[in-house]
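Observations on the model geometry
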Amino acid sequence: DAGVTQSPTHLIKTRGQQVTLRCSPKSGHDTVSWYQQALGQGPQFIFQYYEEEERQRGNFPDRFSGHQFPNYSSELNVNALLLGDSALYLCASSLLSVRMNTEAFFGQGTRLTVV
Amino acid sequence: AQSVSQHNHHVILSEAASLELGCNYSYGGTVNLFWYVQYPGQHLQLLLKYFSGDPLVKGIKGFEAEFIKSKFSFNLRKPSVQWSDTAEYFCAVNSPSNTGKLIFGQGTTLQVKP
């Protein structure tokens, strides 16, 4: 079963740099959502992509951007990294075209450390 | 504002003890409710979910949760915990018409002593 896969698993970046994280959704899913999980906190919704467009966004600055490709995979880009961006970044996929009552499946996450 | 509150941040139990983790939500309208578990080094996994119907839902590994609409609560229970239940537990909520956005509580760390 092809679950949600994320790459890389770990990443260390310097303040001010840019980073790209990648996600492949579960087979058959068409929607990708990204979450930021700071240490000791629950995941916080960043944004959601469906049909290659950002459909909704949480309370994150424009430094956070994304993209969805025709094969439903997605990228999360963060520009001008801050120390506070250090976190576990989670990708979740679901089948939005079903609309009601679907569940999200999560990847293992990318641990980003900004130094 | 939509929010989820988990009352217990860190719970320590001995094996065979009973577990109840509290979860309250603030959300206008109809909700879907979830409990996710994150074992050390692993991804978030769905324990159980409530969409509609019987407010007592059963999940994997012997877990169950009860939705009490009047109390805006969705507490997680297990009659007898095992050492392998040591993990982080998250309560989450979304709207049936907006399933792509989950709102999570801050999590409860459960430590089960053998």
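Read on for a plain summary of the structure. In every chain, residue numbers begin from 1 and rise along the written sequence. Numbering of ligands from 1 and lettering of chains from A proceed in the order in which they are written. Local features are withheld for residues below a pLDDT of 70 in this predicted model, meaning they are given only at 70 or higher, and side-chain atom pairs are given and counted only at 80 or more; totals for whole chains, interfaces and linings count all residues. Heavy atoms from the whole structure form the basis of all side-chain values; hydrogens and water molecules are not counted.

1. Regarding the overall build of chain B
What counts is decided by this rule: Strands here mean DSSP runs of E at least two residues long; helices mean DSSP runs of H or I at least four residues long; both are numbered from the N terminus. Each radius of gyration is computed over the set of C-alpha atoms, and the globule rule expresses the reference value as 2.2 Å times the number of residues to the power 0.38. Under the scheme applied here, a residue whose accessible area is under 20% of the maximum for its type counts as buried, over 50% as exposed, and between as partly exposed, the area being computed with a 1.4 Å probe on protein chains only. When checking whether two residues touch, look at their non-hydrogen atoms; a contact exists if any pair is within 4.5 Å. Surface accessibility follows the Shrake-Rupley procedure with a 1.4 Å probe radius. Residue values consider only the protein chains on display as shielding. Charged residues are defined narrowly, with Lys and Arg counted positive, Asp and Glu counted negative, and His plus the chain ends left uncounted. The location of each charge is read from NZ of Lys, CZ of Arg, CG of Asp or CD of Glu.
Counting secondary structure elements, chain B contains zero helices and 12 strands. Listing every helix and strand of chain B by position from the N terminus yields β-β-β-β-β-β-β-β-β-β-β-β. A compact globule built from 114 residues should have a C-alpha radius of gyration of about 13 Å, and chain B, at 13 Å, falls within 12% of that. In terms of its C-alpha atoms, chain B occupies a principal-axis envelope of roughly 40 × 30 × 20 Å. Residues counted as buried form 50% of the 114 residues belonging to chain B. When contacts within chain B are restricted to residue pairs at least 6 apart in sequence, long-range pairs at least 24 apart make up 55% of them. Accessible area for chain B stands at about 5200 Å²; split by element, carbon and sulfur atoms hold 51% of it. With 9 positive and 7 negative side-chain charges, chain B shows a spacing of 5 Å between the two charge centroids.

2. Some points on unusual backbone geometry
With an omega of -10 degrees, the peptide bond between Ser 7 of chain A and Pro 8 of chain A qualifies as cis. With respect to the helices, strands and loops of the structure, Pro 8 of chain A is situated in the loop between strand E1 (5–7) and strand E2 (10–13). Its identity is not glycine, yet Ala 80 of chain A carries a phi of approximately 45 degrees, on the positive side. Within the fold, Ala 80 of chain A resides in the loop between strand E8 (74–78) and strand E9 (87–94). The phi dihedral of Lys 61 of chain B falls on the positive side, at around 60 degrees, and the residue is not glycine. Within the secondary structure, Lys 61 of chain B sits in the loop between strand E7 (56–58) and strand E8 (64–68).

3. So, the environment of Pro 61 of chain A
Residue and element names in this part refer to chain A. Within the fold, Pro 61 resides in the loop between strand E6 (53–57) and strand E7 (64–68). Overall, the relative accessible area of 39% leaves Pro 61 in the partly exposed class. With 29 residues separating them along the chain, Pro 61 and Val 32 place their C-alpha atoms 19 Å apart.

4. Describing the pattern of salt bridges
Test applied: Salt bridges are counted wherever a side-chain nitrogen of Lys or Arg sits within 4 Å of a carboxyl oxygen of Asp or Glu.
Under the definition given, this model contains nine salt bridges over all chains. The closest approach of N and O atoms between Asp 85 of chain A and Arg 63 of chain A, which form a salt bridge, is 2.9 Å. Of this pair, Asp 85 of chain A sits in the loop between E8 and E9 while Arg 63 of chain A sits in the loop between E6 and E7, and the two are 22 residues apart along the sequence. Asp 85 of chain A gets classed as buried once you look at its relative accessible area, which sits at 4%. Across the pair Asp 85 of chain B and Lys 78 of chain B runs a salt bridge, and its minimum N-O distance is 2.9 Å. Of the two residues, Asp 85 of chain B and Lys 78 of chain B, both sit in the buried class. One network of salt bridges, in which partners are shared, links Lys 58, Glu 64, Glu 66 and Arg 77 of chain B.

5. Notes on the sheet that holds strand E3 (residues 19–24) of chain A
Residues and elements named next belong to chain A. How we decide: Think of it this way: DSSP has to see at least two bridges between two strands before they count as a pair. Interaxial angle, 0 to 180 degrees, is taken between N-to-C directions of lines fitted to C-alpha atoms, where a helix line uses only the stretch in contact.
Taken in spatial order, the four strands line up as E1-E3-E8-E7 in an open sheet, and their pairing is antiparallel. The sheet is open, and its two borders are formed by E1 and E7, each paired with just one other strand. Sheet twist, expressed as the mean angle between neighbouring strand axes with direction ignored, is 20 degrees. Across five bridges, the pairing between E7 and E8 is antiparallel. In the sheet register, Gly 66 faces E8, and the bridge partner there is Leu 76.

6. Section: the interface of chain A and chain B
The condition that has to hold: A 1.4 Å probe defines the accessible area here, and the buried area is the portion of it lost by two parts on being joined, summed over both. Here a polar contact is recorded for every N or O atom pair within 3.5 Å, except that within protein the pair must consist of a potential hydrogen donor and a potential acceptor, and residues adjacent in sequence are included only if both atoms are side-chain atoms. Note on residue classes: Ala, Val, Leu, Ile, Met, Phe, Trp, Tyr, Cys and Pro are nonpolar, Asp, Glu, Lys and Arg are charged, and everything else, Gly too, is polar.
Each partner contributes residues to the interface: chain A has 22 residues there, and chain B has 21 residues. Both sides together, the interface formed by chain A and chain B hides about 1800 Å², and carbon and sulfur atoms give 49% of it. Inspection of the region where chain A meets chain B yields one salt bridge. A salt bridge links Lys 49 of chain B to Glu 103 of chain A; the shortest N-O distance between them is 2.4 Å. If you look at where chain A meets chain B, you find five residue pairs in polar contact (both at pLDDT 80 or more). Of all the secondary-structure elements, those providing two or more residues to the side of chain A that touches chain B are strand E4 (31–37), strand E5 (44–50) and E9 of chain A. Top element by residues in the side of chain A that touches chain B is E4 of chain A. It accounts for three residues. Tallied by class, the residues present in the side of chain A that touches chain B amount to nine nonpolar, 11 polar and two charged.

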